[in-house]
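Residue-level listing of the chains:
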Amino acid sequence: EIYNDGTELCEKMWGGAFKVVDNDTEAYTMWFFDSMNPNDKISQRLHPTGDTSFCNLQYFHKGTPTPEGDNFTECHPWKQASCCNSNIANAEVLRTGYGANYEWDRCGKLSPACERFFVQEGCFYECSPHIGLYRKWGGHACDEATDPGCSNTYNATCDPFSPSYIQGACANEHNTWQVHQMPIRKDYCDSWLTACANDFFCAAGDGDYFSCATAPPTLAPTPAPEKEKEEKLFRELIAVIVVLGALLVATAVFLCVVFKKEKDGKPMFQPLSEGKADKKSMGSVQSMAMSKKGQVV
């Protein structure tokens, strides 16, 4: 196993983007069904001066969170105030949109229950205005005094993707898309692990999603031929048992019908009458005798 618990899954898989907190009043959720976004209260509590009126991350994000139309169904919790549009809020786009080897199913097809959590994380990252508070370089939540791994200020000369980039000018390279230490609810991460308990993931970089992108993909192992043969025999045995069971039920029903008719004095099967049998036999003998007599004459 790559992750021992839900905490390791959320913290290791996303390269430090999230930290798990076992206190619902101090952590965000990646999905919700309420009409009101519960993350609004979390941001007001943790960052009362933080501004969520604009989308601070820059990848597929809009500039400001705005309402979306009725076709905005994949990431529907953010329909009223979304940092992504319906073209991005699509499971297939979220799966493939970040480039080759960044697909969440690169080690084999995921179960629907497991894949749903990856879709939710993708929606959360692209659509939530709250996640921008935790932008690693230029985010409101960074405490530079205690965490040198982030900054409240973004410097374009430190960003390799910026036209203003100056190589070697900064100790840390900046970007506009990375998230840093956003608190996520522990129960959500535990549920994610449960949903994906039987699925396969890349183990490179201790299960880091981004390190895995540079590792050669290895598909989930296929069952050995002997195991497949055993499974086939088991399925055939089950089919035989089902057929025999159906025959036994049909026989029992038939016997019940016969018994009931016997009890009601209307038996289904009756012996031939001896009188009729003797008369028929006698008639046959007489016919034969007359035939022979005629032949003699």
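Bear in mind the structure is a predicted one, so any value in this text is a computation, not a measurement.

**Topic: empty space enclosed by the protein**
A probe matching the size of a water molecule, rolled over the atoms, marks out where space remains unfilled.
Then, in step 1: Considering all chains together, one arrives at one cavity of 30 Å³ or more under this definition.
Then, in step 2: Estimates place the volume of the largest cavity at around 120 Å³.
Then, in step 3: Classifying every residue of the lining of the largest cavity gives nine nonpolar, two polar and two charged.

**A word on the layout of surface pockets**
Then, in step 1: Within this model, the largest pocket holds a volume of roughly 530 Å³.
Then, in step 2: Taken together, 19 residues make up the lining of the largest pocket; nearest its centre are Y98, Y125, W177, Y209 and F210.
Then, in step 3: Elements represented by at least two residues in the lining of the largest pocket include exactly α4 (112-127) and α6 (209-212).
Then, in step 4: At four residues, the largest contribution of residues to the lining of the largest pocket is made by α4.
Then, in step 5: Of the residues that constitute the lining of the largest pocket, the class distribution is 15 nonpolar, three polar and one charged.

**Details of the side chain of R106**
Then, in step 1: With respect to the element layout, R106 can be found in the loop between α3 (91-96) and α4.
Then, in step 2: Of the buried charged residues, R106 lacks a salt bridge, with E103 as the closest side chain of opposite charge at 5.0 Å.
Then, in step 3: Within the structure, the side chain of R106 is placed 3.2 Å from the backbone oxygen of N101, a separation counted as a polar contact.
Then, in step 4: At 2.7 Å, the side chain of R106 and the backbone oxygen of C212 are in polar contact.

**Focus on the packing of aromatic side chains**
Then, in step 1: By the definition in use, this model includes 20 aromatic pairs.
Then, in step 2: When the ring of F32 is compared with that of W78, the centres are 5.5 Å apart and the planes differ by 75°; the resulting orientation is edge-to-face. Taken together, the residues span a long stretch of sequence, with F32 in the loop between β1 (18-21) and α2 (39-46) and W78 in the loop between α2 and α3 at a distance of 46 residues.
Then, in step 3: Looking at F32, the relative accessible area reads 5%, which means it is buried.
Then, in step 4: Exposure remark for W78: the relative accessible area of 1% places this residue in the buried category.
Then, in step 5: Among the aromatic residues, those joined into a cluster by ring pairs are W14, W104, F117, F118, W177, Y188, W192, F201, Y209 and F210.
Then, in step 6: When the ring centre of W31 is taken as reference, the NZ or CZ atom of R116 above it lies at 5.0 Å.
Then, in step 7: The cationic tip of R135 hangs over the ring face of Y154; the distance from NZ or CZ to the ring centre is 5.1 Å.

Definitions and limits used
- Residues numbered from 1 in each chain as written.
- Predicted model: local features only at pLDDT ≥ 70, side-chain atom pairs only at ≥ 80, totals over all residues.
- Heavy atoms only, no water.
- 1 Å grid on protein atoms, 1.4 Å probe; cavity = no way out; pocket = protein on both sides within 12 Å on 5 of 7 lines; lining within 4 Å.
- Points joined across faces, edges and corners; volume = space filled by probe spheres on them.
- Nonpolar A, V, L, I, M, F, W, Y, C, P; charged D, E, K, R; others polar.
- Helix = DSSP H or I, 4+ residues; strand = E, 2+ residues; numbered from the N terminus.
- Buried < 20%, exposed > 50% of the residue type's maximum accessible area, 1.4 Å probe, protein only.
- Lys, Arg positive; Asp, Glu negative; His and termini not counted.
- Salt bridge = Lys/Arg side-chain N within 4 Å of Asp/Glu carboxyl O.
- Polar contact = N/O pair within 3.5 Å; in protein donor to acceptor, adjacent residues only side chain to side chain.
- Phe/Tyr/Trp six-rings, centres within 6.5 Å; stacked < 30°, edge-to-face > 60°.
- Lys NZ or Arg CZ within 6 Å of the ring centre and 35° of its normal.

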